[in-house]
Amino acid sequence: MDLIVIAGVIIIAVGNYMFTAWFIKYARLRRITDVPTERSSHSIPTPRGGGIGFVLISLIAFILYFAWMGLLSSSIYLTMLITLSAIACLGWFDDRRDLSQIIRFTIQVAAAASVIFFVEGLDTFFVPYASTISLGVFSPFLGLLWITGVTNIYNFMDGVDGIASIQALSASAGWMIFGYLWNEPILIVINLIVFASVAGFLVYNWAPARIFMGDVGSIFLGFFFAIMPFLAAAIAEERTVGFTLWIGALLIWPFLFDSSFTLLRRFMKGENVFQAHRTHLYQRLNIAGWPHSTISTLYLIFSFLCLIIALVFTHEESFIQILLLITLLVLSLIYILAVQRVEKKI
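Described in the following lines is the structure provided in the data block.

### Regarding the pattern of salt bridges
For step 1, the next point in the chain: This model, assessed by the stated rule, comprises five salt bridges.
For step 2, the next point in the chain: We note a salt bridge from R266 to E271, for which the minimum N-O separation is 2.9 Å.
For step 3, the next point in the chain: Its relative accessible area of 31% is what places E271 among the partly exposed residues.
For step 4, the next point in the chain: Taken together, the shared-partner salt bridges in this structure form one network comprising R266, K269 and E271.

Quick look at the structure:
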C-alpha cells in the first residue's frame, strides 16, 4: 500500500506539472489572463485559472481513493466531494464571468451548511482551563462564519506569486502530521493528494509567476482547509470540531491574522471593508519594494512556526497552551511593527 501511495503522489505531482504547462498555453490562446490594474501586484498580463489543474486532479484522486477504500457511500466523503466540486465550479465561473456577490455567497453558505449537517457540527468549543463550552443556538452560525470566512480570506490572500501555494503546502503537511500522530491514514492521504497536486503547480506559480491559480484554485483551497477541522473530527471520532478548529486556525494563522488585522484596521479608519484594496500586510511589503519571492518565503517560515506551535499546543497542559497563544500573538504584533518600519524607510 505504501508503494501505491508513493506512486500515486508522484503521478499527481508530475501530472499537474504537465497539465499546468499545457494550460498556460491554452490560457494565453483563450485570453484567460489577469490584466494589471492599480490594485495589482504584477505589471504584465499573466494567465490565470491555473488552479483548475490541482482542483481536477485532487477531485479525481479523492474519488479513486474513496472508491478503493469503499468510502464512496459514506455521507462524509460524498459531502466533501460534492461541496468541493461546487466551490471549484463557482471559482471557475467567477474567473470567467465575474459572478455577483449574491451568487458567490449563496453557494458558499449552501456548501458550508452541507458540511455542518452531513459531516460534523460545531456543537462545543475547547477553551484552555475551561475544557469545553457549549455553543448552543450559535453553533450553526459560528460554523458557517468559519467556513465562509476562511474560504474568502484565502482568496483575498492570493495576491503575490506563490503565497497561496506555499500556505497550502504548509497546512496540508501539518494535517498529514496530525493524521500520522492520530493513526488516521485517510486524513494523511487526502492532504497528501492536495500537497502533491499543489506542489506540481508551484513550479509555475513561484516568482516570477508564469500563471496564477485564480479564484478556482484559491477558494477551493480556502474551502478545503476551512472544512478540514470538521473532516478531521469526523475521521478521528474521539476528537471534536471544537478542538480540531484550533489546529485548523493555527495551520493557516498567517493568512487569518493578516486578513483579520487588515479588516479591523480598515474598519477603525472608517473605510469600506467590502471594497477592493491593497492594504494587507503582505501587499504593503510588496508596495514597499519587497519582491514576491521574499514575501512568500517569509510567510512560509511563519507557517512553519505556526505548525510547530500547533503540534505543541495539542500535547501540553492549559498553561502551556495559553502561553503558546500569547507568544504567537506577540510575534504577530511584532510583524505589524516590522511592516510599519519597512514602510517608513521608503
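### Observations regarding a nonpolar patch on the surface
For step 1, the next point in the chain: On the surface, Y129, L305, F319, I322, L323, I326, V330, L331 and I334 cluster together into a nonpolar patch covering about 820 Å² of accessible area.
For step 2, the next point in the chain: Broken down by element, the nonpolar patch gets its largest block of residues, seven residues, from helix α13 (residues 318-344).
For step 3, the next point in the chain: Tracing the backbone through its elements, the reader meets L305 in helix α12 (residues 292-313).
For step 4, the next point in the chain: Judged by its relative accessible area of 32%, L305 is partly exposed.

### Considerations on the environment of I252
For step 1, the next point in the chain: In this fold, I252 is placed in the loop between α9 (241-251) and α10 (253-268).
For step 2, the next point in the chain: Judged by relative accessible area, which is 2%, I252 ranks as buried.
For step 3, the next point in the chain: Separated by 55 residues in the primary sequence, I252 and L307 place their C-alpha atoms 8.8 Å from one another.
For step 4, the next point in the chain: Residues contacting I252, with those up to four places away along its chain left out, are V150, Q167, A171 and F225.

### Section: the packing of aromatic side chains
For step 1, the next point in the chain: Inspection of every chain in the model, using the stated rule, returns 28 aromatic pairs.
For step 2, the next point in the chain: Both rings, one in F19 and one in F23, keep their centres 6.2 Å apart while their planes meet at 15°; by these two values the pair is stacked. Note that F19 and F23 are positioned in helix α1 (residues 2-29) at a spacing of four residues, about one turn of the helix.
For step 3, the next point in the chain: For F19, a relative accessible area of 24% gives the class partly exposed.
For step 4, the next point in the chain: According to the relative accessible area criterion, F23 is buried, its value standing at 3%.
For step 5, the next point in the chain: With a centroid separation of 5.4 Å and an interplanar angle of 70°, the aromatic rings of F54 and F201 are classed as edge-to-face. With F54 in helix α2 (residues 51-68) and F201 in helix α7 (residues 185-205), the pair connects residues that are 147 residues apart, well separated along the chain. In terms of burial, F54 and F201 fall into one category: buried.
For step 6, the next point in the chain: Of the aromatic side chains, those joined through ring pairs into one cluster are F62, Y65, F66, W68, Y77, Y154, F224, F225 and F255.

### Overview of helix α3 (residues 75-97)
For step 1, the next point in the chain: Counted at 1.5 Å a residue, the expected span for α3 with its 23 residues is 33 Å, and the 32 Å between its end C-alpha atoms agrees.
For step 2, the next point in the chain: Backbone geometry just after α3 places D98 at a positive phi near 55°.

### Describing the pairing of strand β4 (residues 131-134)
For step 1, the next point in the chain: As paired strands, strand β3 (residues 124-127) and β4 are joined by four bridges and run antiparallel to one another. By the bridge assignment for β4, F125 is matched with I133.
For step 2, the next point in the chain: The antiparallel hairpin formed by β3 and β4 contains three residues in its connecting segment, where Y129 sits at a positive phi of about 75°.

### Some thoughts on the packing of α2 against α3
For step 1, the next point in the chain: Where α2 meets α3, the closest approach of the two axes is 11 Å, and the angle between their N-to-C directions is 165°. Regarding the angle of α2 to α3, the classification is roughly antiparallel. α3 is crossed by α2, and the crossing has left-handed handedness. For the pair α2 and α3, contact is made by I52, V55, L59, F62, I63 and F66 and by Y77, M80, L81, L84, S85, A88 and W92, respectively.
For step 2, the next point in the chain: Of the residues belonging to the contact of α2 with α3, the class tally is 12 nonpolar, one polar and no charged.

### What about the packing of helix α6 (residues 163-181) against helix α8 (residues 214-235)?
For step 1, the next point in the chain: It is at 11 Å that the axes of α6 and α8 come closest, and there the two elements cross at 10°. Judged by the inter-axis angle, α6 sits roughly parallel to α8. The crossing of α6 and α8 is left-handed. Each of A164, A168, A171, S172 and W175 in α6 lies in contact with α8, whose residues at this interface are L221, F225, M228, P229 and A232.

Rules of the game
Residues numbered from 1 in each chain as written. Predicted model: local features only at pLDDT ≥ 70, side-chain atom pairs only at ≥ 80, totals over all residues. Heavy atoms only, no water. Salt bridge = Lys/Arg side-chain N within 4 Å of Asp/Glu carboxyl O. Buried < 20%, exposed > 50% of the residue type's maximum accessible area, 1.4 Å probe, protein only. Patch = residues over 30% accessible without salt bridge, like charges linked within 9 Å, V, L, I, M, F, W, Y side chains within 5 Å. Areas by Shrake-Rupley, 256 points an atom, 1.4 Å probe, with all protein chains shown as cover. Helix = DSSP H or I, 4+ residues; strand = E, 2+ residues; numbered from the N terminus. Contact = heavy atoms within 4.5 Å. Phe/Tyr/Trp six-rings, centres within 6.5 Å; stacked < 30°, edge-to-face > 60°. Expected span 1.5 Å × (residues − 1). Pairing = 2+ DSSP bridges. Axes fitted to C-alpha atoms, helices over the stretch in contact; angles between N-to-C directions. Parallel < 35°, antiparallel > 145°, perpendicular 65-115°, else oblique. Left-handed = near helix turned anticlockwise from the far one by under 90°. Nonpolar A, V, L, I, M, F, W, Y, C, P; charged D, E, K, R; others polar.

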